[in-house]
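One letter stands for each residue in the lines below.
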Amino acid sequence: MIYLWLKAFHIASVTVWIGGMFVAAIAVAALSASKSLPDAPNRADIIEAVRRWDRWATSPAMLLAWLFGLAVATEGGWFGARWLMMKLVFVVALSGLHGMLSGTLRKLARTAEQPSPASGHALPVIVGAVVVIVLLVVLKPI
Ligand code: HEM
C-alpha cells in the first residue's frame, strides 16, 4: 500500500519536473531563434517568470522525484534491476540538462546576449529521454 502512495507521489513530482523543463527549454529555444526577442521590452519579465517557476516548482519537483523514486526502488527491492540502472542513466542526463537550462537562463538574465543555438536542442533530448524512461519502467525489457 505504501508502495503505491510513494509511486503516486513519484509520478506527480516527475510530471511537474518534466513540465517545468519543457517551459525552460521552450523559453531558451525561443530566445535563441527569434531575432526580435532579444530587444523585446518584456524580455526580462519573461526570463524572470521562467526562472521563478524553475526555482520554486521545477527544482523542488526534481528533488522530490529523486526522493520518491529512490524510496519506491528501496520499498520494491528494485536496486540491481537492469531496467532501473539503465533508467537512472537517462534520469541523471535529464538532471544535468536541467542544470544546464537553469544556467543558461541565469546567464540570459544577466546579459543581453543570446544563448548559443545549441541550447535550442534541449527539447528533442527531453522528449527522447522521457520516451526511453517510460518504456524502460513500464515494459522492463531488460
Ligand atoms: C529520479 C530518479 C528516479 C528513480 C530512482 C525512479 C525509480 C522508479 C521506480 C523504482 C519505479 C517503480 C517501478 C514499478 O513499480 O514497476 C518508478 C516508477 C515510475 N517512474 Fe521513476 N524513477 C526516477 C525518475 C523518473 C523519471 C524522470 C520519470 C519520467 C520521465 C519516471 C517515470 C516513472 C513512471 C511513469 C513510473 C510508473 C511505472 C508503472 O507503474 O508502471 N521516473 N520509478
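Residues take numbers from 1 onward in each chain, read along the sequence in its written order. Per-residue local features of the predicted model are confined to residues with pLDDT of at least 70, and side-chain atom pairs are confined, for both listing and counting, to 80 or more; whole-chain, interface and lining totals are unaffected and use all residues. Excluded from the side-chain calculations are hydrogens and water; all other atoms, namely the structure's heavy atoms, are used.

So, the layout of surface pockets
Link 1 in the chain: Cavities and pockets were defined on a 1 Å grid built over protein atoms only: a cavity is a set of grid points that admits a 1.4 Å probe from which the probe cannot escape, a pocket is an open set flanked by protein on both sides within 12 Å along at least five of seven lines, and lining residues are those with an atom within 4 Å of any such point. Grid points are joined across faces, edges and corners, and a volume is the space filled by probe spheres set on the points. There is about 630 Å³ of room inside the largest pocket.
Link 2 in the chain: Taken together, 27 residues line the largest pocket, and the ones lying closest to its centre are His10, Val14, Lys87, Ile133 and Val137.
Link 3 in the chain: Each helix is a run of DSSP H or I of at least 4 residues and each strand a run of E of at least 2, with the numbering of both proceeding from the N terminus. A total of seven residues in the lining of the largest pocket trace back to one element, the largest contributor, which is helix H1 (residues 2–33).
Link 4 in the chain: Classifying every residue of the lining of the largest pocket gives 22 nonpolar, two polar and three charged. Following the grouping adopted for this structure description, the nonpolar residues are Ala, Val, Leu, Ile, Met, Phe, Trp, Tyr, Cys and Pro, the charged ones are Asp, Glu, Lys and Arg, and the polar ones are all others, Gly among them.

Looking at the packing of helix H2 (residues 43–76) against helix H3 (residues 82–110)
Link 1 in the chain: For the pair H2 and H3, interaxial distance at closest approach is 10 Å and the crossing angle is 160°. By the angle between their directions, the pair H2 and H3 is classed as roughly antiparallel. The crossing of H2 and H3 is left-handed. Contacts from Arg43, Ile47, Val50, Arg51, Asp54, Thr58, Ser59, Met62, Trp66 and Ala73 in H2 reach Leu84, Leu88, Val91, Val92, Ser95, His98, Ser102, Leu105, Arg106, Leu108 and Ala109 in H3.
Link 2 in the chain: Taken together, the residues that form the contact of H2 with H3 break down as 12 nonpolar, five polar and four charged. Inter-axis angles, ranging from 0 to 180 degrees, are taken between N-to-C directions of lines fitted to C-alpha atoms, where helices are fitted over the stretch in contact. Should an angle fall under 35 degrees it is taken as roughly parallel, and over 145 as roughly antiparallel, whereas 65 to 115 is taken as roughly perpendicular and any remaining angle as oblique. Crossing handedness: left-handed means the near helix sits turned counterclockwise from the far one by under a right angle, and right-handed means the same turn made clockwise. Contact definition: two residues touch when any of their heavy atoms are within 4.5 Å.

Considering the UniProt feature "transmembrane region" (unreviewed entry) in the chain
Link 1 in the chain: UniProt positions are given in the numbering used here, feature names are shortened, and annotations may be inferred rather than shown by experiment. The UniProt record marks residues 12–33, 84–101 and 121–139 with the feature "transmembrane region" (unreviewed entry), using the residue numbering of this structure.
Link 2 in the chain: For residues 84–101, helix accounts for 100% and strand for 0%, while the C-alpha atoms at its two ends are 25 Å apart.
Link 3 in the chain: As annotated, residues 121–139 has a helix share of 95% and a strand share of 0%, and its two end C-alpha atoms lie 28 Å apart.

A look at the coordination of the iron atom of the ligand
Geometry reference: four tetrahedral donors at a metal, ideal angle 109.5 degrees. Six octahedral donors, ideal angles 90 or 180 degrees.
Link 1 in the chain: Those donors, His10 (NE2) and Lys87 (NZ), are the protein atoms that reach the iron atom of the ligand, and they lie 1.8 to 2.1 Å from it.
Link 2 in the chain: Coordination at the iron atom of the ligand is octahedral: its six donor atoms span angles of 86 to 178° at the metal. Placement of the pair is His10 in helix H1 and Lys87 in helix H3, with a sequence separation of 77 residues. Judged on exposure class, the residue His10 and its partner Lys87 are both buried. Counted as coordinating are nitrogen, oxygen and sulfur atoms within 2.8 Å of the metal, or 3.2 Å for Na, K and Ca, while water is not included, which may make sites look incomplete. Key to geometry: four donors with every angle between 85 and 135 degrees are tetrahedral; four donors are square planar and six octahedral where opposite donors lie over 155 degrees apart and all remaining angles lie between 65 and 115; all other sites are irregular. For each residue, the accessible area found with a 1.4 Å probe, counting protein chains only, is set against the maximum for its type, and the residue is called buried under 20%, exposed over 50%, and partly exposed in between.

A closer look at the site of the ligand
Link 1 in the chain: The criterion for a residue being near a molecule or strand is simple. One of its heavy atoms has to lie within 4 Å of it. If you check the shell around the ligand, you find 22 residues, and the closest are Tyr3, Lys7, His10, Lys87 and Lys140.
Link 2 in the chain: Whenever a nitrogen or oxygen atom comes within 3.5 Å of another N or O atom, the pair is scored as a polar contact, on the condition that within protein one atom can donate a hydrogen and the other can accept it, and that pairs from neighbouring residues in sequence are kept only if both atoms are in side chains. At a separation of 2.4 Å, an oxygen atom of the ligand approaches a polar side-chain atom of Tyr3.
Link 3 in the chain: Lys87 is positioned with one of its side-chain polar atoms (N or O) 2.6 Å from a nitrogen atom of the ligand.
Link 4 in the chain: Comparing atom positions with the cavity grids shows the ligand to sit within the largest pocket.
Link 5 in the chain: Elements supplying a minimum of two residues to the shell around the ligand: H1, H2, H3 and helix H4 (122–139). For a cavity or pocket, the test is whether more than half of a molecule's atoms lie within 2 Å of its grid points; if they do, the molecule sits there.

Considering the pattern of salt bridges
Link 1 in the chain: Criterion for a salt bridge: a side-chain nitrogen of Lys or Arg within 4 Å of a carboxyl oxygen of Asp or Glu. Taken as a whole, this structure holds one salt bridge when the rule is applied.
Link 2 in the chain: Note that Arg55 and Glu48 form a salt bridge whose closest N and O atoms lie 3.6 Å from each other.
Link 3 in the chain: For Glu48, a relative accessible area of 29% corresponds to the partly exposed category.

Section: the packing of H3 against H4
Link 1 in the chain: Between H3 and H4, the shortest axis-to-axis distance is 9 Å and the interhelical angle comes to 155°. Between H3 and H4, the angle is such that the two are roughly antiparallel. Remark: the crossing between H3 and H4 carries left-handed chirality. Facing H3, whose interface residues are Trp83, Met86, Lys87, Phe90, Val91, Leu94, Leu97 and Leu101, H4 presents Ala122, Val125, Ile126, Ala129, Val132, Ile133, Leu136 and Val137.

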